[in-house]
Structures are given as structure tokens and as C-alpha cells.
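The residues making up each chain are set out below.
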Amino acid sequence: MRHVFSVRIGPASFRVGSHWRAPIAQLRALYADYPAPVDGIPDYSVRLCATRPWRRFVRPSVAIAGDYMLPDAAPLPLAHGLLAAEMAMNLQLALGERRFLLLHAATVERDGRVIVLTGESGAGKSTLAALLATRGWRLMGDEFALLDPETGLLHAFPRLVSLKNAAIDVVRAALPDARFGPLMRGTPKGDIRHLVPDAAAIAAMDAPARPASLMFPRFGFASEMRQVGASEAFVRLTQASTNYVALGERGFDALTRFVRAVPAIALDYPDADSAIAAIEAVA
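All of the points below concern the structure found in this document. (Residues numbered from 1 in each chain as written. Predicted model: local features only at pLDDT ≥ 70, side-chain atom pairs only at ≥ 80, totals over all residues. Heavy atoms only, no water.)

Some remarks on the overall build of the chain
- Along the chain, the regular secondary structure elements total nine helices and 17 strands.
- Its C-alpha atoms give the chain a radius of gyration of 18 Å, near enough to 19 Å, the size a compact globule of 283 residues would have.
- Counting only C-alpha atoms and orienting by the principal axes, one finds that the chain spans roughly 55 × 45 × 35 Å.
- Sorting the 283 residues of the chain into buried and exposed places 51% on the buried side.
- For the chain, the proportion of contacts with a sequence separation of at least 24, taken over those separated by at least 6, is 69%. (Helix = DSSP H or I, 4+ residues; strand = E, 2+ residues; numbered from the N terminus. Rg over C-alpha atoms; globule rule 2.2 N^0.38 Å. Buried < 20%, exposed > 50% of the residue type's maximum accessible area, 1.4 Å probe, protein only. Contact = heavy atoms within 4.5 Å.)

Quick notes on the environment of Asn243
- Mapped onto the elements of the fold, Asn243 is located in the loop between α6 (230-239) and α7 (244-247).
- Remark: the alpha-carbon pair of Asn243 and Leu95, spanning 148 residues in sequence, is separated by 6.9 Å.
- Not counting the four nearest positions on each side in its chain, Asn243 is found in contact with Ala94, Glu97, Arg98, Phe100, Leu101 and Leu102.
- Polar side-chain contacts of Asn243 include one of 2.9 Å to the backbone nitrogen of Leu102. (Polar contact = N/O pair within 3.5 Å; in protein donor to acceptor, adjacent residues only side chain to side chain.)

So, the pairing of strand β14 (residues 190-195)
- As paired strands, strand β12 (residues 161-164) and β14 are joined by four bridges and run antiparallel to one another. Bridge pairing in β14 links Ser162 to His194.
- Where strand β13 (residues 184-187) and β14 come together, two bridges link them in antiparallel fashion. Bridge pairing in β14 links Thr187 to Gly190.
- If you look at the hairpin formed by β13 and β14, you'll find two residues sitting between the two strands. (Pairing = 2+ DSSP bridges.)

Description of the packing of helix α1 (residues 21-30) against helix α2 (residues 81-96)
- Following both chains from N to C, one finds α1 and α2 inclined at 70 degrees, their axes separated by 8 Å at the closest point. It follows that α1 is roughly perpendicular to α2 by the angle criterion. Helix-helix and strand crossings are classified by hand; for α1 and α2 the assignment is right-handed. From α1, Pro23, Gln26, Leu27 and Leu30 reach across to α2, where they touch Gly81, Leu82, Ala85, Glu86 and Met89.
- Per-class residue counts for the contact of α1 with α2 are six nonpolar, two polar and one charged. (Axes fitted to C-alpha atoms, helices over the stretch in contact; angles between N-to-C directions. Parallel < 35°, antiparallel > 145°, perpendicular 65-115°, else oblique. Left-handed = near helix turned anticlockwise from the far one by under 90°. Nonpolar A, V, L, I, M, F, W, Y, C, P; charged D, E, K, R; others polar.)

Focus on the sheet that holds strand β11 (residues 154-155)
- The strand order across the open sheet built from three strands is β6-β10-β11, with neighbouring strands paired in antiparallel fashion. The open sheet has two edge strands, β6 (101-104) and β11, and neither has a second partner.
- Bridge analysis of strand β10 (residues 144-147) against β11 gives two bridges, and the strand direction is antiparallel. Each residue of the ladder has a partner; that of Leu147, found in β11, is Leu154.

Concerning the environment of Val116
- Here Val116 shows up in strand β8 (residues 113-117).
- On a C-alpha basis, the gap between Val116 and Leu82 in space is 26 Å, while along the polypeptide they are 34 residues apart.
- In this view, Val116 contacts Ala105, Ala106, Thr107, Leu154, Ser213, Leu214, Met215 and Phe258; residues no more than four positions away in its chain are not counted.

Some thoughts on the packing of helix α3 (residues 125-132) against helix α4 (residues 166-174)
- At their nearest, the axes of α3 and α4 sit 10 Å apart, and the two run at 5 degrees to each other. It follows that α3 is roughly parallel to α4 by the angle criterion. Residues Thr127, Ala130 and Leu131 of α3 lie in contact with α4, whose contacting residues are Ala167, Val170, Val171 and Ala174.
- The residue makeup of the contact of α3 with α4, split by class, is six nonpolar, one polar and no charged.

A closer look at the sheet that holds strand β4 (residues 61-66)
- Pairing is mixed across the open sheet formed by five strands, whose spatial order is β1-β2-β3-β4-β5. Each end of this open sheet is capped by a strand with a single partner; those strands are β1 (3-9) and β5 (76-77).
- As judged from the five bridges shared by strand β3 (residues 44-50) and β4, these two strands associate in the antiparallel manner. When the bridges of β4 are listed, Val46 appears paired with Gly66.
- Along the sheet, α1 contacts β1, β2 (12-18) and β3; its crossing angle with β1, the most-contacted strand, is approximately 30 degrees.
- Sheet strands in contact with α2 are β1, β2, β3, β4 and β5, and its direction is about 140 degrees off that of β3.

Set out below in C-alpha cells:
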């Protein structure tokens, strides 16, 4: 493709090709501080293609393609090209990764100890991770936690943080000097704006750390915390993993060791301040 960009995010690297210049220009600007793939060789390839030849020019429509694809995925308008690129990179990792057990979670680290935040869409994982970064926590990622089956360590995947709807203004107020991508209105998940992780998160993205706590946040409820047993945590995490089945016995063993070693807590919260206070108390 005419427009191409390559980047490494933690242990995974991507080559993104596009029929249009705009998505690649946005990726170059937002990932300017990230390294290139080792030896220039990416792990995954992504293509942002026109659904029909004329759709490159008339009502441009971006279809997601690459090494791994979802045949029924709906195309996005060119105005959401950056979102399409981010979704495509996530899809490659979700369907293709075999080195690590992937958990759909946000992760933050301080003093070598990682808190894993996982839950359903809308639980506030990305928002909480971004706000914790203002309190001395290293942002390791807001999309995937990468668990090494051999060592039990978590590896960072600090891609752009995807903020949605009301969370955009909350994080902008807390991080007035941070870099943000364009505001994309009317996406399938509402308004979206990407936050660029800070320099410390990018510089330390090759440093794994030990998981210390697993939390299941749930937004919009009265403040409450309860312990979660290992069996319940195991079932929840199998549902939160995109490659648990593909890893087979390695995935089962890794997840079993994880839930036995890492205490789990369910956290209901009515607002970000109460959630941050509860997480700090646990830490």
C-alpha cells in the first residue's frame, strides 16, 4: 500500500498499510515516541482498505484487514480511520498471539507490583488506569494484560488509551498537559478520543513486573468491595481472554497459577475518586 507505518508496542510490532494518508499521519504523530520493530520486521500486518475501488474517493469506507480478520466486521468512515487502525492492531494481537496469555484488562505498576483491572465494557478500566498514572503508577496498558506462562510476569502493551464519552473530559481535566488524538464522534461506542501514554510508560514498556492484585471494577453502583474466590476469578478470566483456548494446557496452567497467587477483589464504585481511593487502599 502507498501509505505505511510501523511501530513496536511492548513485545508486539505492527506494520499498518492504508489506502489513505490521513490515518497513517495520525498514527505517526501519536506514536512518534515509540520504537520501530526490531530489525524492521513486524510481528503483524494490518491493512486499511477501501470496501470498493470508488470508496477510496466517494464516501470513503475503511475495511479492516490483515493477517487475521473478522469477515463480518463492519467498515468505518474515513473520519474514524485512526479508530480502525487501533482496532485492527488489537485484533491481530487478540487472534494471533501465542507467546502470552492475553487478558482483556488495564494494568498499572508501582514498585514492581501490578494491579490488573478487568471487567465488562463500560466498567471504567481505561479511565481508572489513566487517572492512576497521575498518582505515580506506571501505565502498562489499557487493552491487554500479557501474562507470561513460564515466568508468571506481566508484560506491558502501552498502546494509545481509548477514552470514551464522559471519560474524555474527566481525564483531560486530570491530565491537562497530556497529548490526545482527535475527537471522533458517533463511533459504534460513542465519542472516542485517544490518550498518548506518558514518556515513563513508553520508556519502561520492555520491563515486566509481578502481578499483585486482580480487581473487577464496576461503575455506577454504591461503593462496595468483596473478596473474589479463585474459582470465580478463574471463570471470569477465561471469559476475558482471547487466546485461552488456543493456548490449551499452557493457558490452563498459567491461569491456574495466576488466580492461586493473586488476590482478587470485586469493586463497585459510583465515581472515579472513590474508585481511585479504594485501589490505593488495596495497594
